[in-house]
Every structure is written in structure tokens, then in C-alpha cells.
Amino acid sequence: MADQTHVLFVEDDDVIREATQLALERDGFVVTAMPDGLSGLEAFRADRPDIALLDVMVPGLDGVSLCRRIRDESTVPVIMLSARADSIDVVLGLEAGADDYVTKPFDGAVLVARIRAVLRRFGHATGGERPDEGGSGAHGGVLTFGELEIDTEGMEVRRAGQPVALTPTEMRLLLEFSSAPGTVLSRDKLLERVWDYGWGGDTRVVDVHVQRLRTKIGQDRVETVRGFGYKLKA
């Protein structure tokens, strides 16, 4: 996978940008590195990379705004880089459409692992695993929950007959919910299954993505079970 993967990396710190680019290239990635958001947007439009790594605090066009611009045009996976794990910028980045984030300073091996995990998730959401089709009004690979229809073979979602545009991560999250409608899935379980975290992760990632999913498929379709997690209304 890595030797065919083109990474857009936007980072204004010269030392971090050059060191990270070299580390990623040693792992077989093709890297386009840019020092600011405006040049990053131009590179994205010109090169159409497979994944984007965006530092939150870059000049010209900040990373959160750049993420929004990318998300307006593409579902390409986006990982935000933030200097503080408790920063509001983390949540803003996720709300803007980022799939994950990594806290700086980061270990090169951890960053590579996160990139590969996101790309695996992207592959699953565009035609990999399918949920079981029992108990939810499934017919011909289509799961029906009220006005919501999920085509698990074509990887398409419709609400009241209208197509719903989901990012790969949102699609993977919905597939997890639809594989066990009415069953409560904990945040830790969703981190493991959707984000491929084999270790403890930040549950804000789950919460923000659930909220984003709700805005697209209906606020009452995914229920919060306080103290436990979330479930899809069967």
C-alpha cells in the first residue's frame, strides 16, 4: 500500500516538515510537502493525493479551513496534526471533516501506523467488509431503517430516496451500527473497529463523527445511551 500512496503534508515548521517528509519517504510514501495552507490547497487540487496531513496552525489558510476546503471537493482521508491533545483545534478539525488527528510531537512509527489505519478504513468503506444483513429489513444487500437505506454492496446511502454523501470514515461508522441495529456499541469498541485502534484512543473522535453522521442521516437515528455508547435505532 505505502509504495503507491501519495501524501500531501502541510506544515510550516521547516525542521518538522523536512524530517517528517524524509521519514515518510523512507517508508515508501510519495510526499508533497507544503509550508502553508494556500500552497497546500493548490497542491491538493493539482496532485489529488491519497491522503492529507494538515497541521492546524499554518499561515495563509489554517489547517482547519484547509480541511473544510478539501472536504468540499473530496472525501480523501485527512489527518490533522495538533500541538496540544486538549486543544479546541482538535475538535474543530474533526468537525471540519478530518478523519483522525495526531498530537505533536509525534513518533514517526505512530504517524505511519495512523496513516495506514486510515487508508485501510478507506478501503473497507469503499467496497471491503459488509455487515451481516439480519434483523433490519435487508433485501439484495440493502438495509432499511425507516427512511434510511444502506446499500452495502454499492456503498451508497439514501435518506427519503435522496443520496447521502458520507466520508469513508462516516460510512464505516454507519456500517458498524447497521451490522448490529439496536445493540449498544461503546466508544472504545467503535475506536477499535472503525479507527483500527489497538490501544486506547481519544473518544472525542467518535463523538464528533457520530454527530456529523447524525446531521446527514437524521438526528434521532443514532441514539446515545448515556454511560455506555451509541446504538442505531432499529
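Above this text sits the structure in question.
As a further point, take helix α6 (residues 168–179). Taking 1.5 Å of rise per residue, 12 residues should cover 16 Å, and α6 covers 16 Å from first to last C-alpha, within 8% of that figure. Within α6, 11 of the 12 residues are buried, which leaves the element mostly enclosed by the surrounding structure. Turning to α6, its buried residues are P168, T169, E170, M171, R172, L173, L174, L175, E176, F177 and S178.

Across a sheet, paired strands are connected by hydrogen bonds in the backbone, their directions being either parallel or antiparallel. Spatial ordering of the open sheet is given by β6-β7-β8-β9, a layout of four strands whose pairing is antiparallel. Unpaired on one side and paired on the other, β6 (142–145) and β9 (162–164) mark the two borders of the sheet. Adjacent strand axes in the sheet meet at a mean angle of 25°, parallel and antiparallel pairs treated alike. The pairing of strand β8 (residues 156–159) with β9 spans three bridges and is classified as antiparallel. Opposite R158, over in β9, you have P163 as the bridge partner. On the sheet, α6 packs against β6, β7 (148–151) and β8 and is oriented at approximately 105° with respect to β7.

Turning to the sheet that holds strand β4 (residues 78–82), a few remarks are in order. Reading across the sheet, the five strands line up as β2-β1-β3-β4-β5 and stay open at both edges, with parallel pairing between neighbours. Each edge of the sheet is formed by a strand with only one pairing partner; in this case those strands are β2 (30–34) and β5 (100–103). Across the sheet, the mean angle separating the axes of adjacent strands is 20° when strand polarity is ignored. Here strand β1 (residues 6–10) runs beside strand β3 (residues 51–55); their pairing, made up of four bridges, is parallel.

Two elements in contact, helix α4 (residues 88–95) and helix α8 (residues 204–217), have axes separated by 9 Å at closest approach and are oriented at 35°. In the crossing of α4 with α8, the sense of the turn from one axis to the other is right-handed. Taking contact as the criterion, the partners of V90, V91, L94 and E95 in α4 are, on α8, R204, V205, V208, H209 and R212. By residue class, the composition of the contact of α4 with α8 is five nonpolar, one polar and three charged.

So, on to the nonpolar core. In this structure, L54, M80, I150 and F177 are the most contacted members of the largest nonpolar core, which totals 51 residues. No other element matches the six residues that α8 contributes to this core. Beyond its immediate sequence surroundings of up to four residues, I150 is in contact with G141, V142, L143, F145, E156, V157, M171, L174, L175 and S178.

So, how was this worked out
Residues numbered from 1 in each chain as written. Predicted model: local features only at pLDDT ≥ 70, side-chain atom pairs only at ≥ 80, totals over all residues. Heavy atoms only, no water. Helix = DSSP H or I, 4+ residues; strand = E, 2+ residues; numbered from the N terminus. Expected span 1.5 Å × (residues − 1). Buried < 20%, exposed > 50% of the residue type's maximum accessible area, 1.4 Å probe, protein only. Pairing = 2+ DSSP bridges. Axes fitted to C-alpha atoms, helices over the stretch in contact; angles between N-to-C directions. Contact = heavy atoms within 4.5 Å. Left-handed = near helix turned anticlockwise from the far one by under 90°. Nonpolar A, V, L, I, M, F, W, Y, C, P; charged D, E, K, R; others polar. Core = buried A, V, L, I, M, F, W, Y, C linked by side-chain atoms within 4.5 Å.

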